[in-house]
Amino acid sequence: WMRRQRVLRRLLRKYRQQKKIDKHIYHYFYRHAKGNAYKNKRVLVEAIHKMKAEKMKAKALAEQQEARKEKAKLQKAKKAQK
């Protein structure tokens, strides 16, 4: 059990130092590793990739939404100008 903890924590530290994950994600996964949520290193790496993908997707959606709002605002202004 302790060996697995050390392996997971070492991996998390390495990812944080390489800037693959930020301190918030590090803390989240550190706590989950302590709570015995990850069976092995591969499962932890998959979970990290999944969370990063979700964050990137959410960020992209937010940018698209913002672009749509801007476009609608321009259309409204153009329509009001006529």
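Everything discussed here concerns the structure shown above.
Criteria and cut-off values
- Residues numbered from 1 in each chain as written.
- Predicted model: local features only at pLDDT ≥ 70, side-chain atom pairs only at ≥ 80, totals over all residues.
- Heavy atoms only, no water.
- Helix = DSSP H or I, 4+ residues; strand = E, 2+ residues; numbered from the N terminus.
- Rg over C-alpha atoms; globule rule 2.2 N^0.38 Å.
- Buried < 20%, exposed > 50% of the residue type's maximum accessible area, 1.4 Å probe, protein only.
- Contact = heavy atoms within 4.5 Å.
- Lys, Arg positive; Asp, Glu negative; His and termini not counted.
- Charge placed at Lys NZ, Arg CZ, Asp CG, Glu CD.
- Core = buried A, V, L, I, M, F, W, Y, C linked by side-chain atoms within 4.5 Å.
- Expected span 1.5 Å × (residues − 1).
- Arc of directions from axis to C-beta.

With that settled, consider the overall build of the protein. What the protein contains, in helices and strands, is three helices and zero strands. When the helices and strands of the protein are read in sequence order from the N terminus, they spell out α-α-α. Rg of the C-alpha trace for the protein: 20 Å, well past the compact-globule value of 12 Å for 82 residues, more than 25% over. Expressed along its principal axes, the backbone C-alpha trace of the protein runs to roughly 70 × 20 × 15 Å. Within the protein, buried positions represent 17% of all 82 residues. For the protein, restricting intrachain contacts to residue pairs at least 6 apart in sequence, the fraction spanning at least 24 positions comes to 61%. Each charge sign in the protein was given a centre, from 29 positive and 6 negative side chains, and these centres are 8 Å apart.

Ranked by size, the top nonpolar core spans 13 residues in total, and within it L12, Y15, I21, F29, Y38, L44 and I48 carry the most contacts. Taken together, the elements giving at least two residues each to this core come down to helix 1 (2-17), helix 2 (23-34) and helix 3 (41-81).

This paragraph deals with the environment of L11. Looking at the element boundaries, L11 is found in helix 1. Taking relative accessible area as the criterion, L11 reaches 6% and is therefore assigned buried. Taking the C-alpha atoms as reference points, L11 and L44, separated by 33 residues in sequence, lie 9.0 Å from one another. Apart from residues no more than four positions distant in its own chain, L11 is found in contact with K41, L44 and V45.

This brings us to helix 1. Helix length check: helix 1 (16 residues) gives 22 Å between terminal C-alpha atoms against 22 Å at 1.5 Å per residue, within 8%. Taken residue by residue, helix 1 has Q5, L8, L11, L12 and Y15 as its buried positions. Considered in projection along helix 1, the buried side chains sweep an arc of 135 degrees and stay on one side of the axis. In helix 1, the exposed residues that point more than 90 degrees away from the buried face are R3, R6 and Q17. Where helix 1 is buried, its residues meet helix 2 and helix 3. With its phi angle positive at about 65 degrees, K19 sits one or two positions after the end of helix 1.

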